[in-house]
Protein chains: 2
Amino acid sequence: MSKTSKTSYAVLGMLSIAPMSGYDIRQTMKESTSNFWSESDGQLYPALASLHKQGLISCKMEKNENEREKKIYSITAKGMALLTQWLTRAAETQSVRSEILLKLFFGANVSPDVSREHIQMHCYQTKSMLAQLAASKKQLQHEHKDSPHLPYWLMSIDYGMQIAEAKLAWCDGVIEKLNKMKSERK
Amino acid sequence: MSKTSKTSYAVLGMLSIAPMSGYDIRQTMKESTSNFWSESDGQLYPALASLHKQGLISCKMEKNENEREKKIYSITAKGMALLTQWLTRAAETQSVRSEILLKLFFGANVSPDVSREHIQMHCYQTKSMLAQLAASKKQLQHEHKDSPHLPYWLMSIDYGMQIAEAKLAWCDGVIEKLNKMKSERK
DNA sequence: TCGCACATGTAACGCGTTACATGATTAC
DNA sequence: GTAATCATGTAACGCGTTACATGTGCGA
């Protein structure tokens, strides 16, 4: 088990929700955690193979009508123990890199218009993300009414939404300031 | 020039503020952009060498009294052109990975206490970051009163502060919900 | 004299992305 | 028929972190 990579834990976590195929895990991540976590194919499938080899997950072949055969993985007791152990450990602080903030930081080298365009774009993207999150939230509340996972899923969505709101407020302020700077430079 | 890495641009940007040594760049980044951007030694020094070889920055040896000799780099016209070109291009969207949110997402597998502890810790860390940002802001306003960079620097600090405030509000809500879940489980 | 801040680098390693490879089934 | 979705993987590459390596000057 790698000391630094969290891919295996993300996979174990997904399988703690329900037995799934690799493809299912990808889809589930896209629909639920993509806002704060995602894995690429190149990480996912080798992780599944490695977890299986270690006995942390088990694998059954399944073939329903009109479906191609797929591998359904389930978390084992051993895997569950490792997952809860990881869940209990404190999260490591990760370094963030935001290209848009870096560009804004060096904004004095270009016209305020340039920065304003970037922020404007960021604003649009954030709004679209907010809409997606709101939709996800509604869907989750409907489709997983009685799941013990629901409250936790909602909290993680709320994080995204509240951060997005804060970003939008910041964007507004920045655009206003940049407009002022532009008119003062005239 | 690498297509994907932004390290070179970060370095060029720093040198657009003032001529500096590699060490100075590290210090400046720590004090100003660490909240949203940082570079390690293993990135910084090779980047400086490469930029120099490409004629994007120039290098002078300097030795003041009671100081060991150091290399002071300055951005060239060619480097400045490349920087502004990059600044004008739209920022690529980067994928974020938040271990704490991933743990919260899988929180149903452990006691609500575990999640609450994590969030509590996150709250403390965010508060300390907020205090640091407030201090930086004050210092910047004082030390760079007339710099054309100041408004941009303040905007990037405000981003950190506003996001931090939103995080704190979210933490409060989550802790409350987790406490409720705990009492309901009794 | 011991440790810390200054100062500059190199090398190894692992992680994560991207592109490639394959192939079945379904909808248009 | 052909594009999209389902489904599983591999391989190369580059980036970024960490640890290592070296040495100066200053303060306690």
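Quantities reported herein were computed from a predicted structural model and do not represent experimental measurements.

Conventions used here
Residues numbered from 1 in each chain as written. Chains lettered and ligands numbered in written order. Predicted model: local features only at pLDDT ≥ 70, side-chain atom pairs only at ≥ 80, totals over all residues. Heavy atoms only, no water. Domains from an automatic or database assignment. Buried area = accessible area lost by both parts, 1.4 Å probe. Salt bridge = Lys/Arg side-chain N within 4 Å of Asp/Glu carboxyl O. Polar contact = N/O pair within 3.5 Å; in protein donor to acceptor, adjacent residues only side chain to side chain. Disulfide = S-S within 2.5 Å. Buried < 20%, exposed > 50% of the residue type's maximum accessible area, 1.4 Å probe, protein only. Contact = heavy atoms within 4.5 Å. Helix = DSSP H or I, 4+ residues; strand = E, 2+ residues; numbered from the N terminus. Nonpolar A, V, L, I, M, F, W, Y, C, P; charged D, E, K, R; others polar. Expected span 1.5 Å × (residues − 1). Arc of directions from axis to C-beta. Phe/Tyr/Trp six-rings, centres within 6.5 Å; stacked < 30°, edge-to-face > 60°. Near = heavy atom within 4 Å. Least-squares fit on C-alpha atoms with pLDDT ≥ 70 in both.

### Looking at the domain arrangement of chain A
All names here are of chain A. Along its sequence, chain A is carved into domain 1 (7-88) and domain 2 (99-185). For domain 1 and domain 2, the distance between their C-alpha centres works out to 30 Å. Overall, the association of domain 1 and domain 2 removes approximately 440 Å² of surface from exposure, summing both partners, and the carbon and sulfur fraction of that is 59%. On the domain 1 side of the contact with domain 2, Ile-17, Asn-35 and Phe-36 bury the most area, a combined 79% of that side's loss. For the pair domain 1 and domain 2, the interface holds zero salt bridges. One can count zero residue pairs in polar contact (both at pLDDT 80 or more) joining domain 1 with domain 2.

### Section: the state of the cysteines
Residues and elements named next belong to chain A. Inspection of the entire model under this criterion finds zero disulfides over all chains. Distance from the sulfur of Cys-123, which forms no disulfide, to the nearest cysteine sulfur (Cys-171) is 4.9 Å. When its relative accessible area of 5% is taken as the criterion, Cys-123 is described as buried.

### Brief notes about the interface of chain B and chain A
Every contact between the two is made by 65 residues of chain B and, on the other side, 65 residues of chain A. When chain B packs against chain A, close to 6300 Å² is buried across both sides, 69% of that on carbon and sulfur atoms. Among the residues chain B hides against chain A, the three largest losses belong to B:Arg97, B:Phe105 and B:Tyr152. Together they make up 14% of the total. One can count six salt bridges joining chain B with chain A. In this structure, B:Lys6 engages A:Glu99 in a salt bridge whose closest nitrogen and oxygen atoms are separated by 3.5 Å. Taken together, the links from chain B to chain A amount to 29 residue pairs in polar contact (both at pLDDT 80 or more). Those elements that place two or more of their residues in the side of chain B that touches chain A are α1 (7-17), α4 (77-88), α5 (99-105), α6 (112-143) and α7 (150-185) of chain B. With 17 residues, α7(B) is the single largest residue contributor to the side of chain B that touches chain A. Taken together, the residues that form the side of chain B that touches chain A break down as 36 nonpolar, 19 polar and 10 charged.

### Brief notes about helix α3 (residues 41-53) of chain A
Residues and elements named next belong to chain A. With 13 residues, α3 should reach 18 Å at 1.5 Å per residue; the first-to-last C-alpha distance of 18 Å fits that figure. Leu-44, Ala-47, Leu-48 and Leu-51 are the residues of α3 that are buried. Angular distribution of buried residues about the axis of α3 spans 105°; they occupy a single face of the element. Exposed residues lying more than 90 degrees from the buried face of α3 are Gly-42 and Lys-53. As for α3, its buried residues are in contact with α1 (7-17), α2 (22-32), β1 (57-62) and β2 (70-75). Downstream of α3 by a residue or two, Gly-55 has a phi angle that is positive, lying close to 75°.

### Some details on helix α6 (residues 112-143) of chain A
All names here are of chain A. In this model α6 runs 46 Å from its N-terminal to its C-terminal C-alpha over 32 residues, within 8% of the 46 Å that 1.5 Å per residue would give. The complete set of buried residues in α6 reads Pro-112, Val-114, Ser-115, Arg-116, His-118, Ile-119, His-122, Cys-123, Thr-126, Leu-130, Leu-133 and Leu-140. For α6, the N-terminal cap is Ser-111; the gap from its side-chain oxygen to the backbone nitrogen of Asp-113 is 3.0 Å.

### Re the packing of aromatic side chains
The tally for this structure, following the rule as stated, stands at 10 aromatic pairs over all chains. With a centroid separation of 5.4 Å and an interplanar angle of 15°, the aromatic rings of A:Trp153 and B:Phe105 are classed as stacked. You can see A:Trp153 sitting in helix α7 (residues 150-185) and its partner B:Phe105 sitting in helix α5, one on each of two chains. Neither A:Trp153 nor B:Phe105 differs from the other in exposure class; each is buried.

### Examining the protein's contact with DNA strand D
A:Tyr23, A:Lys71, A:Arg97, B:Ser2 and B:Gln43 are the nearest of the 21 residues found near DNA strand D. Taken together, the sugar and phosphate atoms account for 59% of what DNA strand D places within 4 Å of the protein. Taking A:Tyr23, its side chain carries an N or O atom lying 2.7 Å from a phosphate oxygen of DNA strand D. A:Lys71 places a side-chain nitrogen or oxygen 2.4 Å from a phosphate oxygen of DNA strand D. Of all the elements in the fold, those that place two or more residues in the surface near DNA strand D are α2, α3 and β2 of chain A together with α3 (41-53) of chain B. Of the residues assigned to the surface near DNA strand D, the class counts are three nonpolar, 12 polar and six charged.

### What to know about the relation of the copies chain B and chain A
Two copies of a chain can be linked by a rotation about an axis combined with a shift along that same axis. Note on the identical chains: chain B maps onto chain A by a rotation of 180° and an axial translation of 0.0 Å, with an RMSD of 0.0 Å. Those values place the two copies in the arrangement expected of a two-fold rotation axis. Taken together, the interface assignments show that 100% of the residues at the interface of chain B recur at the interface of chain A, consistent with an identical surface on both copies.

### Describing the environment of B:Ser32
Residue position: B:Ser32 is located in helix α2 (residues 22-32). Relative accessible area serves as the criterion here: at 19%, B:Ser32 is assigned to the buried category. C-alpha separation for the pair B:Ser32 and B:Ser136, spaced 104 residues apart in sequence, amounts to 7.6 Å. Excluding its chain neighbours within four sequence positions, the residues that come into contact with B:Ser32 are A:Phe105 and B:Met14. A polar contact of 2.6 Å, which involves the side chain of B:Ser32, links it to the backbone oxygen of B:Thr28.

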